Amino acid sequence: MGKKFGNLAKYSNVITYHLSPFEQRAFAGYFKHGVPNMWRRFKSKVFIVTPPFIIGYLIYSWGNQENKRLNRKQPGQFDNEKL
């Protein structure tokens, strides 16, 4: 009734390699190479990435304040209305 999943097609000239999870060293060189590399990359990009976020936050907060100011009731605006 058909082939089982995993044997649906036959490939030629395809080589696959795998490594047992028990033979891997997931955190090899993490503190020796990883942390200093992360700090170096952070220092090189912080002044490129941060200013747009700060400018965006300032525009967002200004827009919210302006919206609240414009939507406030003006004193005396509804003095002449009758119920």
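None of these values were measured; they are calculated from a predicted model.

The rules behind each value
- Residues numbered from 1 in each chain as written.
- Predicted model: local features only at pLDDT ≥ 70, side-chain atom pairs only at ≥ 80, totals over all residues.
- Heavy atoms only, no water.
- Helix = DSSP H or I, 4+ residues; strand = E, 2+ residues; numbered from the N terminus.
- Rg over C-alpha atoms; globule rule 2.2 N^0.38 Å.
- Buried < 20%, exposed > 50% of the residue type's maximum accessible area, 1.4 Å probe, protein only.
- Areas by Shrake-Rupley, 256 points an atom, 1.4 Å probe, with all protein chains shown as cover.

Undergrad: Is there a simple way to explain the overall build of the protein in this structure?
TA: Along the backbone of the protein there are one helix and zero strands. Rg of the C-alpha trace for the protein: 31 Å, well past the compact-globule value of 12 Å for 83 residues, more than 25% over. For the protein, the spread of C-alpha atoms along the principal axes amounts to about 85 × 55 × 25 Å. Split into buried and exposed, the 83 residues of the protein put 0% on the buried side. When the accessible surface of the protein is totalled, it reaches about 9400 Å², and 61% of it is carbon and sulfur.

Undergrad: Sorry, what's going on with the environment of Lys82 here?
TA: Mapped onto the elements, Lys82 comes out in the segment after helix 1 (30–70). Taking the relative accessible area as the measure of exposure, Lys82 reaches 81% and is therefore exposed. Along the chain, Lys82 and Leu19 lie 63 residues apart, while their C-alpha atoms are 83 Å from each other.

On their own, these measurements won't tell you what the molecule is for.
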